[in-house]
Amino acid sequence: TLDGAENAKDAKGRKLHNRVYASVTTCLRECGCSGHEMKLDEGPDGRYYRDDFNDQSWTCSPGTGEEHGIWMNTADQAGTIMAGMVWLLLGYSAITITMLAKTGGVPPFLAMTYTALCCMALASHAKTSFTDPGSVPQSAVPMESVRRKMGPDGTLSMCSQCQTFKPPFSHHCRICNRCISRMDHHCPWMNNCVGAGNMKHFCLFLLYTWTCSAFSLCLLGWNYFFCATEECVFTPMLTQLVRVMSMIMNVCYGLMTGIGTIDRLKKKATNSMHESDEEPIPLEDVFGIAGYHTWMIPCDPIFADYDKVMGYSTPQRLLREQMKEDTGTVV
């Protein structure tokens, strides 16, 4: 009887667990915060297959070459100094706000909120700096769909520096010495290029930094207009990167029109903006499909079609897709 009671209790607990799991999964799926539906559609007979094979180098050497396992631009000393200044300025502002809260200039919960925003901005900055922006490997080849459209007589764009296939909207960065897929520009404050691989982290950095700037201005106003006692001392504070809002608008324009900063400057120089036929970049190609709850977190996005986002494929990935189609196995 004791064993029967324990079994009944376990069955009741499992039933409750399954009910809670089903309710949470349904709720997340309805609000777009879960990829559960896509996971159910994986497999030989599904529309999706998961390719999590790592084609990157496993070495621990920093650099921007294919042989380096850690993406880090070490060739630009000025960019390294400017990237360090970002951490110095944000850290300085966080300490200043903390000191204002300690002297009673601003409420402590506002200082905690500002410090949390600074932490998110610095985390996004680190992810932007140390994430591969979408470098095109030497083994890059056009996607199968592109080949079919081109036909047997089609011509491919080649990079004169890398001597390899150059995907559409990609550019060669002389600082990183690599071709970058969907390259927007090389940002010295990031000490890295901004491309398809780290566009999400760059957008989050701009968003959190602009929020910090606006928030600090509000706190300065609070401290200036409502701090009238001798115990409340006004401390001067640097308002960092207040012009970041213009960069946010620049990135938003690029996403809505599909024209990056470099391409836009070239078209303006040749007066060919009216001839643009680019399409807007879907937000899923920037922030991924893992769910809306991951959009504001500086984590690597998961793309539904990695080759489509980057504009190229590799023989290894094409082989895995061919094996999946021929044998019906999921790689």
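For the structure itself, consult the block above.
No experiment lies behind these values; they were computed from the predicted model shown.

How each quantity is defined
Residues numbered from 1 in each chain as written. Predicted model: local features only at pLDDT ≥ 70, side-chain atom pairs only at ≥ 80, totals over all residues. Heavy atoms only, no water. Helix = DSSP H or I, 4+ residues; strand = E, 2+ residues; numbered from the N terminus. Buried < 20%, exposed > 50% of the residue type's maximum accessible area, 1.4 Å probe, protein only. Contact = heavy atoms within 4.5 Å. Areas by Shrake-Rupley, 256 points an atom, 1.4 Å probe, with all protein chains shown as cover. Expected span 1.5 Å × (residues − 1). Polar contact = N/O pair within 3.5 Å; in protein donor to acceptor, adjacent residues only side chain to side chain. Core = buried A, V, L, I, M, F, W, Y, C linked by side-chain atoms within 4.5 Å. Phe/Tyr/Trp six-rings, centres within 6.5 Å; stacked < 30°, edge-to-face > 60°. Axes fitted to C-alpha atoms, helices over the stretch in contact; angles between N-to-C directions. Parallel < 35°, antiparallel > 145°, perpendicular 65-115°, else oblique. Nonpolar A, V, L, I, M, F, W, Y, C, P; charged D, E, K, R; others polar. Salt bridge = Lys/Arg side-chain N within 4 Å of Asp/Glu carboxyl O.

Asks: What am I meant to see in the overall build of the chain here?
Replies: When its secondary structure is counted, the chain shows 11 helices and six strands. Across the 331 residues of the chain, 40% fall into the buried class. The contacts in the chain between residues at least 6 apart in sequence include a share of 63% that link residues at least 24 apart. Approximately 19,400 Å² of the chain is accessible, and the part contributed by carbon and sulfur atoms is 62%.

Asks: Whenever I open this one, helix H3 (residues 77-102) confuses me. Can you help?
Replies: Helical geometry: 3.6 residues make up each α-helical turn, so side chains three or four residues apart lie on a common side. Under the 1.5 Å per step criterion, the end-to-end length of H3 is 37 Å for 26 residues, consistent within 8% with the ideal 38 Å. The backbone nitrogen of Ala78 has a side-chain oxygen 3.4 Å away, supplied by the residue at the start of H3, namely Asp76. Immediately beyond the C-terminal end of H3, within one or two residues, lies Gly104, with a positive phi of roughly 90°.

Asks: Can you walk me through the nonpolar core in this structure?
Replies: Side chains of nonpolar character tend, in soluble globular proteins, to be buried together. In terms of nonpolar packing, the biggest core is built from 32 residues, with Tyr114 and Leu219 touching the most fellow members. Counting only elements with at least two residues in this core, the list comes to H3, helix H4 (108-129), helix H6 (199-226) and helix H9 (284-287). Counting residues per element, this core draws most heavily on H6, at 10 residues. Setting aside anything within four residues of it in sequence, one finds Leu219 in contact with Ile97, Val106, Leu110 and Tyr114. Grouped together as the second largest cluster of nonpolar side chains are 11 residues, Ala140, Phe165, Phe303 and Val309 included.

Asks: Help me understand the packing of aromatic side chains in this model?
Replies: Both the distance between ring centres and the angle between the ring planes are used here to describe each pair of aromatic rings. Taken as a whole and assessed by the stated rule, the structure comprises three aromatic pairs. For the pair Phe287 and Trp295, a centre-to-centre distance of 5.0 Å together with 20° between the ring planes defines the contact as stacked. Relative accessible area serves as the criterion here: at 12%, Phe287 is assigned to the buried category. Residue classification places Trp295 among the buried residues on the basis of a relative accessible area of 16%. A ring pair is formed by Phe303 and Tyr306, whose centres lie 6.5 Å apart and whose planes are at 40°; its orientation type is tilted. The exposure class assigned to Phe303 is buried, which follows from its relative accessible area of 14%.

Asks: Would you mind going over unusual backbone geometry with me for this structure?
Replies: In most cases, non-glycine residues show a negative phi, while peptide bonds are predominantly trans. Of note in this structure, Phe169 is not a glycine but carries a positive phi near 65°. Structurally, Phe169 can be placed in the loop between helix H5 (144-150) and strand S3 (171-173). In this model, Asn177 sits at a positive phi of 60°, which is unusual for a non-glycine residue. Residue position: Asn177 is located in the loop between S3 and strand S4 (178-180).

Asks: Explain the environment of Gly65 here, please?
Replies: When you line up the elements, Gly65 lands in the loop between strand S1 (62-63) and strand S2 (70-71). Sequence-wise, Gly65 and Asn177 are 112 residues apart; in three dimensions their C-alpha atoms are separated by 8.2 Å.

Asks: Could you clarify how one ought to interpret the packing of H3 against H4 in this entry?
Replies: Two measures define how a pair of helices packs: the angle their axes make with one another and the distance between the axes. In the contact formed by H3 and H4, the axes pass within 9 Å of each other and the chain directions differ by 170°. Here H3 is positioned roughly antiparallel relative to H4, judged by the angle of their axes. Across the interface between the two elements, Ala83, Val86, Trp87, Leu90, Ser93, Ala94, Ile97, Thr98 and Ala101 from H3 touch Pro108, Ala111, Tyr114, Thr115, Cys118, Ala121, Leu122, His125 and Ala126 from H4. When the residues that make up the contact of H3 with H4 are grouped by side-chain class, the tally is 14 nonpolar, four polar and no charged.

Asks: Sorry if this is basic, but what is going on with the pattern of salt bridges here?
Replies: Opposite charge on two side chains permits pairing when their charged atoms draw close. Inspection of the entire model under this criterion finds two salt bridges. Linking Lys127 and Asp300 is a salt bridge whose minimum nitrogen-to-oxygen distance equals 3.1 Å. Highlighted residues: Lys127 in helix H4 and Asp300 in the loop between H9 and helix H10 (306-310), separated in sequence by 173 residues. The salt bridge partner of Lys308 is Asp285, with a shortest N-O separation of 3.1 Å. Taken as a pair, Lys308 in helix H10 and Asp285 in helix H9 lie far apart in primary sequence, 23 residues in all. With relative accessibility at 48%, the residue Lys308 sits in the partly exposed group. You can call Asp285 buried: its relative accessible area is 13%.

Asks: When you look at the environment of Asn191 in this model, what are you seeing that I'm missing?
Replies: Within the element layout of this structure, Asn191 appears in the loop between strand S5 (185-187) and strand S6 (192-194). For Asn191, the side chain forms a polar contact with the main-chain oxygen of Asn73, separated by 3.0 Å.

Any functional reading would require information that these geometric values do not contain.
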